[in-house]
Amino acid sequence: MKYVRFRDPAGAVRRGEFESGHVHFANESYALEDEKIDVLPPCEPSKIVCIGRNYAAHADEMDSEVPDRPLLFLKPPNALAAHGDTVTAPAGKERIDYEAELGVVIGEQCRHVPESEAMDVVEGYTCVNDISNRDDQRQEQNWVRGKAFDGAAPMGPVLATPDEVPDDAAVRSRVNGETKQDGSLDQLIFSIPELIAEITTYLTLEPGDVIATGTPEGVGPLEDGDDVEIEVEGVGTLEHSIRRP
């Protein structure tokens with residue numbers, strides 16, 4: 001199944017089933033691009049736990065070593081942006097990058113989850129763009145300025161249950177229609193169960209929290225007015241634009 005979280009014409013927040021390009025709730029049906037509804041991020045995370053350098057080829061293109069354990073950093077709720085949004089990047093920066101990622105949405109409060117039980121706490125998958133302000137990321141260790149600015153985590157448009165997504169699902173990005181990244185989940189250094197086990201060793205995950213699992217090679221800069229697509233096979237395509245003031 002696939003679900004879309006949206007605000008209906010009356011202003012109420014709903015969650016509808018998504019099929020054949022339409023969102024179905026009660027007796028109503030809306031096209032995903034229908035101006036009568038606002039598509040919202042598919043969940044309301046208390047935090048987004050991001051994984052750095054989880055594809056070997058991406059680590060190489062960043063001239064970095066592959067980590068010997070998952071490299072973790074956080075994005076707060078203010079970083080959320082939705083399908084169809086225009087993300088305004090921090091002003092005066094030379095390089096703002098796209099990073100296509102699979103997002104794992106957590107379905108229940110959990111701590112100390114063993115790998116063998118990790119998929120039991122997963123509600124579903126979504127598309128994430130880990131937008132990165134490289135200017136500041138290169139100057140700080142905790143990456144707050146580089147990764148946590150407003151709108152730095154566009155997400156959606158749907159939440160797909162795990163059975164919809166192949167183990168080797170493609171993860172792609174396109175900018176203005178041109179393919180920039182084309183990787184797959186079977187290239188992950190640390191698997192989804194490994195990530196959940198490692199993260200919950202240190203912190204509690206809450207329902208709606210998201211793990212952004214890392215990006216394939218091919219990251220690059222965004223310019224003012226660019227249209228971005230993040231595609232995960234079995235999930236769908238997240239679309240947004242970028243504004244560079």
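Residues numbered from 1 in each chain as written. Predicted model: local features only at pLDDT ≥ 70, side-chain atom pairs only at ≥ 80, totals over all residues. Heavy atoms only, no water.

A. Quick look at the sheet that holds strand β13 (residues 132-133). Taken in spatial order, the 3 strands line up as β13-β10-β18 in an open sheet, and their pairing is antiparallel. Only two strands of the sheet have a single partner each, and these edge strands are β13 and β18 (220-221). Here strand β10 (residues 96-98) runs beside β13; their pairing, made up of 2 bridges, is antiparallel. Counterpart to I96 in the pairing with β13 is N133. (Pairing = 2+ DSSP bridges. Helix = DSSP H or I, 4+ residues; strand = E, 2+ residues; numbered from the N terminus.)

B. Spatial organisation of the packing of aromatic side chains. A complete count under the given rule lists 3 aromatic pairs for this structure. Plain terms: the ring middles of F73 and W143 are 5.0 Å apart, the flat faces sit at 70° to each other, and that makes the pair edge-to-face. Placement of the pair is F73 in strand β7 (residues 71-75) and W143 in the loop between α2 (134-137) and α3 (144-147), with a sequence separation of 70 residues. Assigned by exposure class, F73 and W143 land together as buried. Each member of the aromatic cluster is reached from another via a ring pair, and the members are F6, F25 and Y30. Stacked on the ring of Y3, the Lys or Arg R15 has its end atom at 4.2 Å from the ring centre. (Phe/Tyr/Trp six-rings, centres within 6.5 Å; stacked < 30°, edge-to-face > 60°. Buried < 20%, exposed > 50% of the residue type's maximum accessible area, 1.4 Å probe, protein only. Lys NZ or Arg CZ within 6 Å of the ring centre and 35° of its normal.)

C. Spotlight on the sheet that holds strand β9 (residues 86-88). With mixed pairing, the 5 strands of this open sheet are ordered in space as β9-β20-β19-β15-β16. Edge positions in the sheet fall to β9 and β16 (178-184), since each of these pairs with one other strand and no more. Here the strands of the sheet are splayed against their neighbours by 25° on average, with no regard to which way each runs. Sheet topology places strand β19 (residues 227-232) next to strand β20 (residues 236-243); 6 bridges connect them, and they run antiparallel. Bridge assignment links D227 to a residue of β20, and that residue is S241. (Axes fitted to C-alpha atoms, helices over the stretch in contact; angles between N-to-C directions.)

D. Molecular detail of helix α4 (residues 192-202). Among all positions in α4, only I192, L195, I196, A197, I199 and T200 are buried. Against the buried residues of α4 lie β6 (48-52), β7, β11 (100-106), β12 (122-129) and β17 (210-212). (Contact = heavy atoms within 4.5 Å.)

E. Up close: the UniProt feature "domain: Fumarylacetoacetase-like C-terminal" (unreviewed entry) in the protein. The UniProt record annotates "domain: Fumarylacetoacetase-like C-terminal" (unreviewed entry) at residues 47-242. Helix makes up 13% of residues 47-242 and strand 38%, whereas the separation of the span's terminal C-alpha atoms amounts to 23 Å. (UniProt positions renumbered as here; feature names shortened; annotations may be inferred.)

F. Structural detail: a negative patch on the surface. A surface patch of like charges, here negative, comprises D60, E61, D63, E65 and E217. Classification of E65 as exposed rests on a relative accessible area of 66%. (Patch = residues over 30% accessible without salt bridge, like charges linked within 9 Å, V, L, I, M, F, W, Y side chains within 5 Å. Areas by Shrake-Rupley, 256 points an atom, 1.4 Å probe, with all protein chains shown as cover. Salt bridge = Lys/Arg side-chain N within 4 Å of Asp/Glu carboxyl O. Lys, Arg positive; Asp, Glu negative; His and termini not counted. Charge placed at Lys NZ, Arg CZ, Asp CG, Glu CD.)

G. Focus on the pairing of strand β1 (residues 2-7). Here β1 lies mainly inside the structure; 5 of its 6 residues are buried. Pairing between β1 and strand β14 (residues 153-160): 2 bridges, direction antiparallel. Of the residues in β14, the one forming a bridge with Y3 is L159. Here β1 runs beside strand β2 (residues 13-19); their pairing, made up of 5 bridges, is antiparallel. Along β2, the bridge assignment pairs Y3 with E17. Turn length for the β1-β2 hairpin, with the two strands adjacent in sequence and antiparallel, is 5 residues, and the turn residue G11 shows positive phi of about 95°.

H. Broad picture of the environment of R14. Within the secondary structure, R14 sits in strand β2. A relative accessible area of 31% places R14 in the partly exposed class. Taking the C-alpha atoms as reference points, R14 and L188, 174 residues apart in sequence, are found 33 Å from one another. Contacts of R14, omitting those with residues within four sequence positions, involve V4, R5, F6, D8 and F25. In this structure the side chain of R14 is engaged in a polar contact, spanning 3.2 Å, whose partner is the side chain of D8. (Polar contact = N/O pair within 3.5 Å; in protein donor to acceptor, adjacent residues only side chain to side chain.)

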